[in-house]
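Fold and geometry: a report
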Amino acid sequence: MDIIQVDDKQFSIYLKSPQIEAAVDNIAQQINVDLKGKNPLFLVVLNGAFIFASDLLKKITIPCEISFVKLSSYVGTKSTSIIRELIGLDEVVSGRTIVIVEDIIDTGLTMGATIDKMKKLEAKDVRIATLLFKPNAFQLNYKIDYIGINIPNDFIVGYGLDYNGYGRNYPEIYKILNNE
Ligand code: 5GP
């Protein structure tokens, strides 16, 4: 299936399973080496990261804990800035090595807000793992420790990523066609 319809838009195949698997493997191998003996807590940012996290964490061979968080966002009444709250975090973060697991980093603002939260909660070491990264859209300057694949600024769906709530279930990654 090289062209798919998701809601009112068409998408064409962009990253196939072998490429995705290789990227996930590579990240897992690095984490297994880097964080050995650190007892990391993986924080999976829902919804988009659920498939990536599932594949990645099956390849993590060191002792670790896994938790799932969600970011709620709303537009403040006095400004247009988006304020994000982290919900669902029950574990103690203070003094721990945290690996934030995201599907994609675009402008980097979402991840930036999550990193700030982890620092406020006094995490010892905050690492970032993202399957996809759009370097040309990135607006911040924090270090991204583990990047699967760099991609251009095209809108993509599949492998957990949605368009209007649809398309997360595709096992491969598709790029928007005729984005007007
Ligand atoms: P940010 O711009 O803050 O780095 O990314 C915010 C969020 O926008 C991501 O976590 C992801 O949910 C969404 N996003 C960014 N780029 C894409 C994309 O190409 N496709 C989809 N489906 N979501 C995206």
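Nothing here was measured: the structure is a model prediction, and the numbers come from that model.

Digging into the side chain of serine 67
Looking at the secondary structure, you find serine 67 in strand S4 (residues 65–75). Only 2.9 Å separates the side chain of serine 67 from the side chain of glutamate 91, close enough to count as a polar contact. Setting aside its immediate chain neighbours within four residues, serine 67 contacts Leu41, Phe42, Leu43, Val44, Gly88 and Glu91.

Regarding the site of the ligand
Around the ligand, 15 residues are found, and the nearest of them are Thr107, Gly108, Thr110, Ile156 and Asp162. In this structure, threonine 107 approaches the ligand through a side-chain N or O atom, which is 2.6 Å from an oxygen atom. Elements with a contribution of two residues or more to the shell around the ligand: strand S6 (97–105) and helix H3 (109–120). In terms of residue count, S6 provides more of the shell around the ligand than any other element does, 4 residues in total. Of the residues contributing to the shell around the ligand, the split by class is 6 nonpolar, 3 polar and 6 charged.

Some thoughts on the packing of helix H1 (residues 17–34) against helix H2 (residues 50–57)
Orientation of H1 relative to H2, taken along the N-to-C sense of each, is 55 degrees, at an axis distance of 9 Å. With respect to each other, H1 and H2 are oriented oblique. At the point where H1 passes H2, the crossing takes the right-handed sense. Along its contact with H1, which presents Val24, Ile27 and Ala28, the element H2 presents Phe52, Asp55 and Leu56. Class assignment for the residues of the contact of H1 with H2 results in 5 nonpolar, no polar and 1 charged.

A few points about the confidence of the model for the protein
Detailed reading of predicted coordinates is not advised where the pLDDT is low. For the protein, per-residue confidence averages 92 on the pLDDT scale, and residues scoring 70 or more make up 93% of the total. In this model, residues 75–80 is a region of pLDDT below 50 whose contacts with residues beyond four sequence positions or in other chains number 4 contacts.

As for unusual backbone geometry
Peptide bonds are mostly trans, and most non-glycine residues show a negative phi. A cis amide bond links leucine 46 with the next residue in sequence, asparagine 47, at an omega value of 5 degrees. Topologically, asparagine 47 is positioned in the loop between strand S3 (41–46) and H2. For tyrosine 159, which is not glycine, the phi dihedral falls at a positive 50 degrees. For tyrosine 159, the position within the fold is in the loop between strand S9 (156–157) and strand S10 (173–176).

Considerations on the sheet that holds S9
Strands sit in the order S1-S2-S10-S9 across an open sheet of 4 strands; the sheet is antiparallel. Lying at the two open borders of the sheet, with one neighbouring strand each, are strand S1 (3–6) and S9. Two elements, strand S2 (residues 9–15) and S10, share 4 bridges in a ladder whose sense is antiparallel. Looking across to S10, one finds that leucine 15 is bridged to isoleucine 173.

Some thoughts on the side chain of glutamate 172
Tracing the sequence through the fold places glutamate 172 in the loop between S9 and S10. Lacking a salt bridge, the buried glutamate 172 has lysine 16 as its closest oppositely charged neighbour, with an N-O distance of 5.9 Å. Among the polar contacts made by the side chain of glutamate 172, one reaches the main-chain amide nitrogen of serine 17 at a distance of 2.7 Å. The residues contacting glutamate 172, other than those within four sequence positions of it, are Ile13, Leu15, Lys16, Ser17, Ile20, Val157, Gly158 and Tyr159.

What counts as what
Residues numbered from 1 in each chain as written. Predicted model: local features only at pLDDT ≥ 70, side-chain atom pairs only at ≥ 80, totals over all residues. Heavy atoms only, no water. Helix = DSSP H or I, 4+ residues; strand = E, 2+ residues; numbered from the N terminus. Polar contact = N/O pair within 3.5 Å; in protein donor to acceptor, adjacent residues only side chain to side chain. Contact = heavy atoms within 4.5 Å. Near = heavy atom within 4 Å. Nonpolar A, V, L, I, M, F, W, Y, C, P; charged D, E, K, R; others polar. Axes fitted to C-alpha atoms, helices over the stretch in contact; angles between N-to-C directions. Parallel < 35°, antiparallel > 145°, perpendicular 65-115°, else oblique. Left-handed = near helix turned anticlockwise from the far one by under 90°. pLDDT = per-residue confidence, 0-100. Pairing = 2+ DSSP bridges. Buried < 20%, exposed > 50% of the residue type's maximum accessible area, 1.4 Å probe, protein only. Lys, Arg positive; Asp, Glu negative; His and termini not counted. Salt bridge = Lys/Arg side-chain N within 4 Å of Asp/Glu carboxyl O.

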